[in-house]
Amino acid sequence: MKGLIQAVSAYLIWGCFPLFFYLLKHVPALEVLSFRIVFACLFSFILIAYFGELRSFLEHFKSKSTVILTMLSSLLITINWFVFIWAVGAGMVIESSLGYFMTPLVSLLLGAVFLKEQLSRYQMIAGLLAVLAVVVELVLLGKIPWVSVALALSFGMYGLVRKQQKIESLHGLTIETLWALPVAVCVLIYTQKTTGSVTSFSASTYGLLAFSGIVTAVPLLLFASSVRKLNLVVAGFLMYLNPTMQFFTAIFIFGETAPLQRFITFGIVWLAMLFFIYGMVKTYRGRSRA
């Protein structure tokens, strides 16, 4: 029960991200990203110190492979964060939700291609339907849903890289934000020198920017704690809570509209989602009987 509460809490927080970052839409996306990196790094480092894990944290830097892989995962998650923040400010939350609906399907395909993981028939169908959805969008709307593709690919590849690392979530997040920290600080310094905007925000805006670091770390820690307690099927259902909340937030709160063709794309992705979950159910039942 504790694992379920932790996982639901994590996905509910992630699902509320459009509402949170909408409050910061008056701040340029690159500045929001930079502040998010700074405060996420600071908050994560404070947690490591509080839990007395500083020594074990520093041990990670002795491994060349860990340094290289965390640099790569840092780049990927930074891209993902930036695209999402930009999409919220640009009123493209529907397209961002499509990206997160596609992410588990992209992860399936990446695992099959790069890790040679065996896919069940239902998982293969789900992955191919995700590819079909992008092709249909290209044919019907004449363009690739680049926000959706960028979010799905960046997070899918991030998961692929993180899977190669034997490092727990808090330490991983701290190192990833640490690599991005110099760039974030340089962006803020350059922006301040050229526009003076960095020191011109209201107290409430600075509060939200600081809080972005906390809301980055907390759901990740909740999720990391929950995955060891949940079975495969429950985890499969819950991962779609975030994009579902984003979708309904875009429609009913932000009042976003989309062409009919976009809902054809969603229909294909939702069909893929059903195959994905059904495949997980079959896999779980097979393991339970073994």
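Scroll up to find the structure this text is about.
Below is a short write-up of the structure. (Residues numbered from 1 in each chain as written. Predicted model: local features only at pLDDT ≥ 70, side-chain atom pairs only at ≥ 80, totals over all residues. Heavy atoms only, no water.)

Attention now goes to helix H9 (residues 169-194). Between its first and last C-alpha, H9 extends 36 Å over 26 residues, near the 38 Å set by a 1.5 Å rise per residue. The axis of H9 is deflected most strongly, by about 40 degrees, at Leu-181, and proline Pro-182 appears within four residues downstream. One side-chain oxygen of the residue at the start of H9 lies 3.0 Å from the amide nitrogen of Leu-170, identifying that residue as Glu-168. (Helix = DSSP H or I, 4+ residues; strand = E, 2+ residues; numbered from the N terminus. Expected span 1.5 Å × (residues − 1). Bend = angle between axes of the 7 residues up to and from the residue. Polar contact = N/O pair within 3.5 Å; in protein donor to acceptor, adjacent residues only side chain to side chain.)

Let us look at the nonpolar core. Formed by 68 residues in total, the largest nonpolar core has its most connected members in Phe-21, Leu-105 and Phe-276. Of all the elements, helix H6 (residues 93-114) adds the most residues to this core, at 10 residues. Setting aside residues up to four positions removed in sequence, Phe-21 forms contacts with Val-32, Arg-36, Phe-84, Ile-85, Val-88 and Ser-212. (Core = buried A, V, L, I, M, F, W, Y, C linked by side-chain atoms within 4.5 Å. Buried < 20%, exposed > 50% of the residue type's maximum accessible area, 1.4 Å probe, protein only. Contact = heavy atoms within 4.5 Å.)

So, about the pattern of salt bridges. Tallying each qualifying case throughout the model produces 5 salt bridges. One salt bridge connects Arg-262 with Glu-137, and the closest N-O pair in it is separated by 2.4 Å. Placement of Arg-262 in helix H13 (residues 260-289) and of Glu-137 in helix H7 (residues 121-141) is noted, with a sequence separation of 125 residues between them. Given the relative accessible area of 6%, Arg-262 is considered buried. (Salt bridge = Lys/Arg side-chain N within 4 Å of Asp/Glu carboxyl O.)

To continue, consider the side chain of Ser-97. In this fold, Ser-97 is placed in helix H6. Under the relative-accessibility criterion, Ser-97 is labelled buried at 0%. Residues within four places of Ser-97 in sequence aside, it is in contact with Pro-243, Gln-246, Phe-247 and Phe-266.

Next up on the list: a nonpolar patch on the surface. On the surface, a cluster of nonpolar side chains totalling about 490 Å² of accessible area is made up of Val-131, Leu-132, Val-135, Val-139, Leu-140 and Ile-264. Residue contributions to the nonpolar patch peak at 5 residues, all from H7. Along the chain, Val-139 falls in helix H7. (Patch = residues over 30% accessible without salt bridge, like charges linked within 9 Å, V, L, I, M, F, W, Y side chains within 5 Å. Areas by Shrake-Rupley, 256 points an atom, 1.4 Å probe, with all protein chains shown as cover.)

The values are spatial; any link to function lies outside them.
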